[in-house]
Amino acid sequence: MNRDDNNLYLFPFRKLSVFLHQQLDVELKVYYNGYLNEQFGHRINKIDRHNHQISILKDEYSNGEDEYFIITFEKKIRPQILEIIRDSILTIENGIDYCHVSNQSLATYLNRIRKEYSKLYDNAPFDRYPFLQSYLEILMNEIDSFDPKNDETSILSISNSSLFEVKEGVKISIFKDLYSVAMEHEIFVDDCTENNFIEVLTQETTNTLQFNCDSSLAITFLEGIKVLYENFTSESIEKSRNFLTKTGKILSATNYSTSKNRLKPNSKTMDLSDEISILLSHID
């Protein structure tokens, strides 16, 4: 690779590093200043500066709900982090393409990328922002998926025996990332394992996934991942018998359609939808 290519492909985490070590502190200050003011200050119940969470009294239009709601810095900053991670992954993909067309060693390139990632991870400000670890793990999963040694397990071909028919070329790493997103948003019950999650979403199986959230979040999640499939419909979901409602009943096509028609976007569903959209933005 020439000098320009080295700068472009060998250092894909430069923008992410600057964000973690400089911009993140700026965004945190903006986050706190946005609520520690005359408009919200008198409604603040508690400030958790370790996890960067603010508990705020709800207004008069929230009758029947809990007295306070929690606003977290992590949720505010999540779309930016995921977008920068996606940019880093795209740079690596371009670097891999360059290796192929220029007969450069892919193994050498990936080893260099892993070393750069180790520097990024070792110097990440986890002490101030504990939530960063899960995002950098997403990045590592993507890097591992590029290794030719993982080809047999990293790519899913469309299977005639798969009811949902995963699109050709979708990587298992995507489902690993989706699992992290789902558990972070408490979409499924706590004992949902990554292996079971991936098996239900990629294979024909009698195993199930039980929702642990309200119907609006459940439908938002299912609608968001449709882009990964050729046949992910309310009818195929019911036929699979793989998805259970919060009460333990099979999710039917009727219940799916009813919940979808009643869906009213709120901060939780929009956060979840945005995160899934960013994660799957490269899927056709």
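Thresholds, definitions, all that
- Residues numbered from 1 in each chain as written.
- Predicted model: local features only at pLDDT ≥ 70, side-chain atom pairs only at ≥ 80, totals over all residues.
- Heavy atoms only, no water.
- Pairing = 2+ DSSP bridges.
- Helix = DSSP H or I, 4+ residues; strand = E, 2+ residues; numbered from the N terminus.
- Axes fitted to C-alpha atoms, helices over the stretch in contact; angles between N-to-C directions.
- Contact = heavy atoms within 4.5 Å.
- Phe/Tyr/Trp six-rings, centres within 6.5 Å; stacked < 30°, edge-to-face > 60°.
- Lys NZ or Arg CZ within 6 Å of the ring centre and 35° of its normal.
- pLDDT = per-residue confidence, 0-100.
- Parallel < 35°, antiparallel > 145°, perpendicular 65-115°, else oblique.
- Nonpolar A, V, L, I, M, F, W, Y, C, P; charged D, E, K, R; others polar.
- Expected span 1.5 Å × (residues − 1).
- Bend = angle between axes of the 7 residues up to and from the residue.
- Buried < 20%, exposed > 50% of the residue type's maximum accessible area, 1.4 Å probe, protein only.
- Polar contact = N/O pair within 3.5 Å; in protein donor to acceptor, adjacent residues only side chain to side chain.
- Salt bridge = Lys/Arg side-chain N within 4 Å of Asp/Glu carboxyl O.

Two strands in a sheet stick together by hydrogen bonds in their backbones, pointing the same way (parallel) or opposite ways (antiparallel). Spatial ordering of the open sheet is given by β1-β2-β3, a layout of three strands whose pairing is antiparallel. Strands at the two margins of the open sheet, each flanked by one partner only, are β1 (44-48) and β3 (68-72). Taking the axes of each pair of neighbouring strands and ignoring which way they run, one obtains an average angle of 15° across the sheet. Here β1 pairs with strand β2 (residues 53-57) via four bridges, running antiparallel. Residue pairing in the sheet places Ile47 in a bridge with Ile54 of β2. Across the sheet, helix α2 (residues 14-33) touches β1, β2 and β3, and the angle it forms with β2 is around 15°.

On to the packing of aromatic side chains, then. Taken as a whole, this structure holds 23 aromatic pairs when the rule is applied. An aromatic cluster is defined as three or more aromatic residues linked by ring pairs; in this entry it consists of Phe164, Phe175, Tyr179, Phe188, Phe197, Phe211, Phe221, Tyr229, Phe232 and Phe243. Of note, Arg14 hangs over the ring of Phe11, and the distance from its end group to the ring centre comes to 4.5 Å. Seen from the ring of Tyr32, Arg49 lies directly overhead, with NZ or CZ sitting 4.5 Å from the centre.

On to the confidence of the model for the chain, then. Looking at the chain as a whole, the pLDDT averages 85, with 88% of positions reaching at least 70. Throughout residues 60-65 the model reports pLDDT below 50, and contacts reaching past four residues in sequence, or to other chains, amount to one contact. For the stretch residues 152-158, pLDDT sits under 50, and the model shows 22 contacts to residues farther than four places along the chain or on other chains.

Attention now moves to the packing of helix α3 (residues 73-102) against helix α12 (residues 267-279). Each packed pair of helices is defined by two parameters, the angle between the axes and the distance between the axes. Relative to each other, α3 and α12 sit at 5°, their axes nearing to 9 Å. Judged by the inter-axis angle, α3 sits roughly parallel to α12. Taking contact as the criterion, the partners of Lys75, Arg78, Pro79, Leu82, Glu83 and Arg86 in α3 are, on α12, Asp271, Glu275, Ile278 and Leu279. Tallied by class, residues from the contact of α3 with α12 come to four nonpolar, no polar and six charged.

This next bit is on α2. Its 20 residues place the ends of α2 28 Å apart at the C-alpha level, agreeing with the 28 Å of an ideal helix rising 1.5 Å per residue. Along α2, the largest kink reaches about 45° and is centred on Gln23. Turning to α2, its buried residues are Leu16, Phe19, Leu20, Leu24, Glu27, Leu28, Tyr31 and Tyr32.

Once that is clear, we can look at α12. With 13 residues, α12 extends 18 Å from end C-alpha to end C-alpha; this agrees with the ideal 18 Å at 1.5 Å per step. Burial in α12 covers these residues: Thr269, Leu272, Glu275, Ile276, Ile278 and Leu279. Contacts from the buried residues of α12 go to α3, α7 (172-184) and α9 (215-224). The N-cap residue of α12 is Asn266: its side-chain oxygen and the backbone nitrogen of Lys268 are 2.9 Å apart.

Applying the stated criterion across every chain, the model contains twelve salt bridges. Put simply, Arg128 and Asp25 hold a salt bridge, and the shortest N to O gap is 3.4 Å. With Arg128 in the loop between α4 (106-122) and α5 (132-145) and Asp25 in helix α2, the pair connects residues that are 103 residues apart, well separated along the chain. By relative accessible area, which is 31% here, Asp25 ends up partly exposed.

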